[in-house]
Amino acid sequence: MRVTEKKLADGVIKLDCEATAIEVNNALKEAGEAFAMQMGVRPQPGKTVEQLCQEALGITDLDKVVEANAIEVLMPRALDRRNLVPAFPPKVTPTVKFERGKKFTFTMDVTVKPTYELSSYEPVEVTVQPFVFDESVIDKQMEDLAASAVVYEVCDPRPLQEGDACSIAMKCMDGDEEMKALTCDDRTYPLGRGYMPEGFDAALIGMEPGQTKEFTFDAPMGVEDDKPVMRPIQCTVTVNNVQKEVTPIIDDAWVKANMPMFASVQALRDDMRRVFEAQQREAYEGYVQQMVVGKLTSRFNGRIADEIYEATRDHLVQNLRMELQQQGMTWEQFIASNGGEQQFGMMLMMQTREVLVQGFCLDAVFRHERLTLTDKDLEDACYGMNPQANPKMMRQQLEDSGRGFALRETAERLKAARYVTEHAKITTAEVPADAAGAPAAEAAADGAPQAE
């Protein structure tokens, strides 16, 4: 991509960009694949994304559908080419029609991220709560382990009731065809768990060991017009016995029989503690760092331009809307649960300012202390963005997509936050002997540490 720049007024740089035909095709491919994934269209050998979207979604011109997204794919590559870090994503203005197989030219007015100075770069002083390991997570893990290891024992014969378990022999027929997956001679079946359709459980209620019953129940056998297609299934069931669910006691004998890698229950608990304590200490370190950076923001000097503030606020709202959509909550429900429009508006205003000021303060520290980035710093930043991803691969993907400038900004701020924390004067508050307050790790997990 060829990119030239021209400085305008007030820290704005105009970029004139020209993407090659190959870059345009690659952008359409990337945008098309992302769209297909978002719509749940899975790749199939021997078929293009265009073919799959036409078959699954009836889209005859995928390029037109993803055109705006493809142009957005090109935008960060232009920024990266000039090593510019924008204060907010710039708007792309095409100067020719966007078409597959042809060069594409466009312009962008980039508001470069401003620089600020702090009133002081002396070590920050904060008081934090002490680290207290939360033992309850081990007890909960032991309870979950016992619940996952339940066994079923035969109990005295009696008519089946709702919530009982039983051993059954069963044969199911769909018309003249036997349903082998449902046919068995001895299978433990707990009633009321939703493992079979309602009609099946209802037919079992009142049956006794040794009794056989033939009945029909409706089962879903596919979907048409977004509705399940129900079909009657002929079923013959014999109740072998009534059973009761028994939750084991996790003692030394159980551990030896089921988890021989541990010598005893205490060894198992010690291993759980090692894992959970590492997690809680990581959360606690995040809490301390957040406290330090929060105190650092009191040294911020300067005025943030309205357009930067508004763009950041809009970006936060956009991300929040996406999260709510994934959770199945409407925007209106979220606003109502947060005190209404006025209260939420004030919360959003405070959060926007906090995000911006923290970022600008860390930029100032990185610059003032002449810090530099290493490969590990970049990979640590990738891990922070997505702990489940491979950091090396994620770094490669970000740099290949032209988002190297965004990765470097994240890494610089992370390194500055660690630097400030390492050099801070941190005092640990004393906890009264009769106080069993929430551990600081919990405060970090809640995301609501109290400022000093």
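Because the structure is predicted, anything quoted here is derived from the model rather than measured. Sequence positions are assigned chain by chain, starting from 1 and proceeding in written order. Per-residue local features of the predicted model are confined to residues with pLDDT of at least 70, and side-chain atom pairs are confined, for both listing and counting, to 80 or more; whole-chain, interface and lining totals are unaffected and use all residues. Side-chain descriptors were evaluated using all non-hydrogen atoms of the structure, hydrogens and water having been removed beforehand.

A.B. asks: Please clarify how the pattern of salt bridges should be interpreted in this entry.
C.D. replies: Opposite charge on two side chains makes pairing possible when the charged atoms of those side chains draw close. Salt bridge criterion: a side-chain nitrogen from Lys or Arg within 4 Å of a carboxyl oxygen from Asp or Glu. Summed over all chains, the structure comprises 33 salt bridges. A salt bridge links Glu 55 to Lys 47; the nearest nitrogen and oxygen atoms lie 3.0 Å apart. Burial here depends on accessible area, computed with a 1.4 Å probe over protein chains only, as a share of the maximum for the residue type. Under 20% is buried, over 50% is exposed, and the range in between is partly exposed. In this structure Glu 55 comes out as exposed when scored by relative accessible area, which is 52%. Residue class for Lys 47 comes out partly exposed when judged on its relative accessible area of 35%. Salt bridges sharing partners connect three or more residues here, namely Lys 113, Asp 363, Glu 409 and Arg 413.

A.B. asks: Is there a simple way to think about the side chain of Arg 395 in this case?
C.D. replies: Examined against the element boundaries, Arg 395 turns out to sit in helix 13 (residues 391–400). Two N or O atoms form a polar contact when they lie within 3.5 Å of each other; inside protein one atom must be a possible hydrogen donor and the other a possible acceptor, and for residues adjacent in sequence the pair counts only when both atoms belong to side chains. Of note is the side chain of Arg 395, whose polar atom sits 3.1 Å from the side chain of Asp 375. Where helices and strands are cited, they refer to DSSP runs of H or I of at least four residues and of E of at least two residues respectively, numbered from the N terminus.

A.B. asks: What should I look at first to understand the packing of aromatic side chains in this one?
C.D. replies: The description of an aromatic ring pair uses the distance of the two centres, along with the angle that the planes make with each other. Stacked, tilted and edge-to-face pairs are distinguished by plane angle, under 30 degrees for stacked and over 60 for edge-to-face with tilted covering the rest, among Phe, Tyr and Trp rings (Trp via its six-membered ring) whose centres lie within 6.5 Å. The tally for this structure, following the rule as stated, stands at 13 aromatic pairs. Relative to Phe 106, the ring of Phe 104 has its centre 5.3 Å away and its plane inclined at 25°; by these criteria the two rings are stacked. In this structure Phe 106 comes out as buried when scored by relative accessible area, which is 1%. When the ring of Phe 334 is compared with that of Phe 344, the centres are 5.5 Å apart and the planes differ by 85°; the resulting orientation is edge-to-face. Of the two residues, Phe 334 is situated in helix 10 (residues 331–337) and Phe 344 in helix 11 (residues 340–368); the sequence distance between them amounts to 10 residues. Grouping aromatic residues by their ring pairs yields a cluster made of Tyr 189, Phe 200, Phe 215 and Phe 217. The residue whose ring lies beneath Arg 321 is Trp 331, and the NZ or CZ to ring-centre distance is 4.1 Å. Each ring is checked for a lysine NZ or an arginine CZ that lies within 6 Å of its centre and within 35 degrees of its normal; such an atom marks a charge sitting over the ring.

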